[in-house]
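# Examination of the molecular architecture
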Amino acid sequence: MGDIHGRADLFDTLLGLIAQDHVKRGGSEALQIILLGDLVDRGPDSAGVVERALQLETASGNTRYLLGNHEEVFLKALGGDLKALAFFCKIGGRETILSYGISEEEYRAVDYSELLELLRTRVPPSHRAFLQRFEDLIVLGDYVFVHAGIRPGTSLAQQRSSDLRWIRDEFLGFFGPFEKIVVHGHTITSEVEIHPHRIGLDTGAYATGCLTAMGFQGTERWVLQTGA
């Protein structure tokens, strides 16, 4: 599933579509869900998305989570990095902060040090611990799942976490083969991007209302979307 960015409503809808699709396909094999990162920021209910994702982990144990660049900055901010907190607010973190019960008036009235203390009191420890367990890279069969992409010319075993969460142009502009087909989010496109070497699933859900997932079974692939 591509970048959710605080759209808890779309997240629930797409989970429902996935469940229905799984039943239609026979439901004989265990269903595994991979979230490609960027659960938080920009949309109105990041707290709700994180809580729903945590419930999925608790209920099934068959969901895996990649750490997006927005979760990375969120965790750095919660860890006490005021520069990270300032950057977080500029890239959609304000909406995340408000979703944790901090009012607009509180947000506007405090400096970054005070905002940090507010945020630390409002974000449940279970949410922070959950995000800290997110993975950098997942390899399954012919595919590697990452948040942003991988650095061309570097083996999967030697990829840097900073590239896995932040890379863009060097990855998107490369058209040669990789060790595996790379499935990623991070870069918004109007439609699912399917190339021989990579598949992009970020369709800008927070703004477009279109949250995208792709199913994989054997050699078959298919797309499920909200608002499509």
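Just so it is clear, the model here is predicted, and its values are computed rather than measured. (Residues numbered from 1 in each chain as written. Predicted model: local features only at pLDDT ≥ 70, side-chain atom pairs only at ≥ 80, totals over all residues. Heavy atoms only, no water.)

Let us look at the nonpolar core. One recurring pattern in soluble globular proteins is that nonpolar side chains are buried together. The biggest cluster of nonpolar side chains holds 47 residues, and the ones touching the most others in it are M1, F11, L35, F74, L85 and I97. Taken together, the elements giving at least two residues each to this core come down to α1 (8-24), β1 (33-35), α2 (46-60), α3 (69-78), α4 (82-99), α6 (112-122), α7 (125-132) and β9 (220-225). Beyond its immediate sequence surroundings of up to four residues, I97 is in contact with L85, F88, C89, I102, Y107, L115 and L119. One finds I34, I181, L201 and M214 within the second-largest nonpolar core, a separate group that totals 12 residues. (Core = buried A, V, L, I, M, F, W, Y, C linked by side-chain atoms within 4.5 Å. Buried < 20%, exposed > 50% of the residue type's maximum accessible area, 1.4 Å probe, protein only. Helix = DSSP H or I, 4+ residues; strand = E, 2+ residues; numbered from the N terminus. Contact = heavy atoms within 4.5 Å.)

Quick look at the packing of α4 against α6 now. At a minimum axis distance of 11 Å, the contact between α4 and α6 shows a crossing angle of 60°. By the criterion of interaxial angle, the relationship of α4 to α6 is oblique. Pair α4 / α6 crosses with left-handed handedness. Residue-level contacts link L82, L85, A86, C89 and I97 of α4 to Y112, S113, L115, L116 and L119 of α6. Considered class by class, the residues forming the contact of α4 with α6 number nine nonpolar, one polar and no charged. (Axes fitted to C-alpha atoms, helices over the stretch in contact; angles between N-to-C directions. Parallel < 35°, antiparallel > 145°, perpendicular 65-115°, else oblique. Left-handed = near helix turned anticlockwise from the far one by under 90°. Nonpolar A, V, L, I, M, F, W, Y, C, P; charged D, E, K, R; others polar.)

This structure, assessed with the given rule, holds 11 aromatic pairs. A centroid spacing of 5.0 Å and a plane angle of 5° characterise the contact between F74 and F88, whose relative ring orientation is stacked. Of this pair, F74 sits in helix α3 while F88 sits in helix α4, and the two are 14 residues apart along the sequence. Judged on exposure class, the residue F74 and its partner F88 are both buried. Among the aromatic residues, those joined into a ring-pair cluster are Y65, F130 and F134. (Phe/Tyr/Trp six-rings, centres within 6.5 Å; stacked < 30°, edge-to-face > 60°.)

Further remarks concern the pairing of strand β8 (residues 212-217). One ladder, built from six bridges, connects β8 with β9; its direction is antiparallel. Residue pairing in the sheet places G215 in a bridge with W222 of β9. Between β8 and β9, which pair antiparallel in sequence order, lie two residues; one of them, G218, sits at a positive phi of approximately 60°. (Pairing = 2+ DSSP bridges.)

Turning our attention to the side chain of E71. Along the chain, E71 falls in helix α3. Of note is the side chain of E71, whose polar atom sits 2.5 Å from the backbone nitrogen of L39. (Polar contact = N/O pair within 3.5 Å; in protein donor to acceptor, adjacent residues only side chain to side chain.)

We now examine the sheet that holds strand β3 (residues 138-140). Strand pairs in the sheet, formed through backbone hydrogen bonds, run parallel or antiparallel to each other. With respect to topology, five strands assemble into an open sheet ordered β3-β4-β5-β7-β6, the strand pairing being mixed. Because the sheet does not close on itself, it has two edges, and the strands there are β3 and β6 (193-194). Note: strand β4 (residues 143-145) against strand β5 (residues 181-184), three bridges, orientation parallel. Across the sheet, residue Y143 finds its bridge partner in β5, namely I181.

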